[in-house]
Every structure is written in C-alpha cells, then in structure tokens.
Amino acid sequence: MSSKEEPETLLIPVANPETAERLLDTAIDIARGRSMRLVVLHVVEVPPQVPLSEGDSLLGESSEAERVLTDAVEQARDAGVAVEPRMRYARGIATGIVGAVDVHDADALLVGWRGRPRRRDIVLGSFLDRILGEAPCDVFVKRIRTPSRDIDSIFVPVAGGPHCELAVELAGTIAAQHDASVRLVHVIHPDADDSTPEDTPAVLRNYGAFLAGMAVEAESTTLRSDHVAGAITDETAAHDLTILGATRDPFLKRKLVGSVAEGVGRAAASSVILTRKAPEDEDD
C-alpha cells in the first residue's frame, strides 16, 4: 500500500478460540516470510442503543475476547514475530474490520471462513462479502478444514490474473517456511485448443520460475476436464493446503468470488486460502 520503511502490517481479526490458533499459524508463516508485523484484532459489535464509547461495558471482567487476544499475542511472540493486540468497537463486524485496515494502514488482511452453506445473494458470508468488496489491501480468506498443522504439499490452481499471482506468491511464502513443495495445475476443457490467448504453458513456466527464485520446489501440469471445479476439488485431497485466487471479475460486483473458487473452498479436502489482491488505485 504505502511506501514506508517500517515493516508491513498484517491484520488478523480473531473471535473463535477454536480456530484462532490455526489462523495465527498461517499469519506467522506470512509474517516470517514477508517480514511483516501482526496486528491481532477483536471487533466488539455494539448495538445501536449503546454508545460506542461505552462498548467496553459489553465485556465481562475476564472476557473470552480478551483471552483470545492474549493467547494469539503469546503464540506470535513465542514464534518471534512482532505483534500487538487491538480491541475495536463498531456497529458491525465488517465495518470494524475495514475501519481497522485504514487505522492501522494494513498491507494485508487474513480472515477466517466457516464455510457454511451459501445463502441467497450471499457468497462467503455477509461480513466477508463486504470485506472483500471494501478492504483496500490484499485479502486472504482461510477455511480451516483439516486438523493437521503439517504442510508438506501446497496446491495452487492456475488461471492467470492478479489474484492468481497473489496465490502463487503466498504459496511460495508458506512453502518456504515449511520446506514444502508446490503443485501448479491449470484445468482446461477436453475440447479446448492447446493454443489459448493466455498461453497457459508460458504462465505455468513463469510461475514455476518465480517459485524457483524463492528456493521452493514446484511442479507444473495441465489437466483436461469438463468440470473445472470438480477436477480442482479432487486434486485437493492429495495436498495439505490449497491456495487459489478469486475470479477476475471486480469484487464490487454481486458475485464476488465466483463459482469455482467458492465451490472449491466449500468442498476441498484440504484447508483452503482464497486470495484477493488489493484494488488498484484509481489514480494510477
């Protein structure tokens, strides 16, 4: 985002103690790989009848929110990562998170996703859809699927575009922390011509070369299938983590993530991280 000499900032909202630890595992990998500092955030939703200035009255003396923040900070510090906790009071969760991105000048945001069944006109969830549409930074959405924390193999479906580039970069960052391998796969229809406008083999080679520059072992391949989401979902069973970029459509459109990313995110056998690159400055 901004050109500053101090470390970049990764913002991590935490709420659920059952998933916060696993979310911090990923945040620590990113922070180490990209030399970032962490800001761990808990947003307290304040009802309209209570002034924001009195939001702390909604917390008990030893609240779960404070315990989650304390545990997250201890986990990051034990890993040698710079971290600071923040409590924020807002009328809504999404409002509080997006506001915190601006307040802390966050360069990236990592949020958890429960993967509940989709509701009409809501893709990932009401507050996640808003965050994806409004947060002015890179966004990583993680669905924690498997109990194991070991990461030996990372799968990245490749389709081109800035969100895919961010997915490959994130895969390299995490793989370097775990000495893991990365498998890049592009899925095409069985009847598709080998010569596509995007020159897919060249895209795979470029991503493979990028990962090699990060000293990450990478394998690239093209699969043919008449069901892209199904082929990708099947492949996730062979890997510990799947990272995929969102669609190329602007996130402010109604369908923010797209059927492939959404479907894989819900059905994947592995944990999944969806990536959305920061919107370009309109003045650029």
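Everything in this summary refers to the structure shown in the same document.

1. Notes on the nonpolar core
Residues Leu38, Ile154, Val156 and Ile243 are the most contacted members of the largest nonpolar core, which totals 46 residues. Ranked by residues supplied to this core, first place goes to helix H5 (residues 162–178) with eight residues. Ile243 has contacts with Ile154, Phe155, Val156, Pro157, Ala167, Leu170, Ala171, Ile174, Ile273 and Thr275, leaving out every residue within four places of it along the chain. The next biggest cluster of nonpolar side chains, apart from the first, holds 32 residues, and it includes Ile97, Trp113, Phe155 and Val185.

2. A few points about the pairing of strand E6 (residues 153–157)
Across the five residues that make up E6, a large majority, five, are buried. Of the two faces of E6, the one lined by Ser153, Phe155 and Pro157 and the one lined by Ile154 and Val156 are each fully buried. Between E6 and its parallel partner strand E7 (residues 181–188), the chain crosses via H5, and the hand of that crossover is right-handed. Pairing analysis gives two bridges linking E6 to strand E9 (residues 241–245), with the strands arranged parallel. Looking at E9, one finds that Ile154 is bridged to Leu241.

3. Focus on the sheet that holds E6
Read across the open sheet, the 10 strands follow the order E3-E2-E1-E4-E5-E10-E9-E6-E7-E8; overall the sheet is mixed. Each edge of the open sheet is held by one strand with a lone partner, namely strand E3 (83–90) and strand E8 (218–224). Along the sheet, successive strands turn relative to each other by an average axial angle of 25 degrees, direction set aside. Relative to E9, H5 is tilted by about 155 degrees, and along the sheet it contacts strand E5 (138–143), E6, E7, E9 and strand E10 (271–276).

4. Structural notes on the environment of Thr236
Positionally, Thr236 belongs in helix H7 (residues 228–236). Along the primary structure Thr236 and Val272 are separated by 36 residues, whereas in three dimensions their C-alpha atoms are 9.0 Å apart. Those residues in contact with Thr236 that lie beyond four places of it in its chain are Phe155, Thr242, Val264, Ala268, Ala269 and Ser270. Of note is the side chain of Thr236, whose polar atom sits 2.6 Å from the backbone oxygen of Thr233.

5. Focus on H5
The end-to-end C-alpha distance of H5 is 25 Å, a good match for the 24 Å that 17 residues give at a rise of 1.5 Å each. Among all positions in H5, only His163, Cys164, Leu166, Ala167, Val168, Leu170, Ala171, Gly172, Thr173, Ile174 and Ala175 are buried. Once H5 finishes, Asp179 follows within two positions and takes phi at roughly 55 degrees, a positive value.

Criteria and thresholds
- Residues numbered from 1 in each chain as written.
- Predicted model: local features only at pLDDT ≥ 70, side-chain atom pairs only at ≥ 80, totals over all residues.
- Heavy atoms only, no water.
- Core = buried A, V, L, I, M, F, W, Y, C linked by side-chain atoms within 4.5 Å.
- Buried < 20%, exposed > 50% of the residue type's maximum accessible area, 1.4 Å probe, protein only.
- Helix = DSSP H or I, 4+ residues; strand = E, 2+ residues; numbered from the N terminus.
- Contact = heavy atoms within 4.5 Å.
- Right-handed = clockwise from strand over helix to strand, strands pointing away.
- Pairing = 2+ DSSP bridges.
- Axes fitted to C-alpha atoms, helices over the stretch in contact; angles between N-to-C directions.
- Polar contact = N/O pair within 3.5 Å; in protein donor to acceptor, adjacent residues only side chain to side chain.
- Expected span 1.5 Å × (residues − 1).

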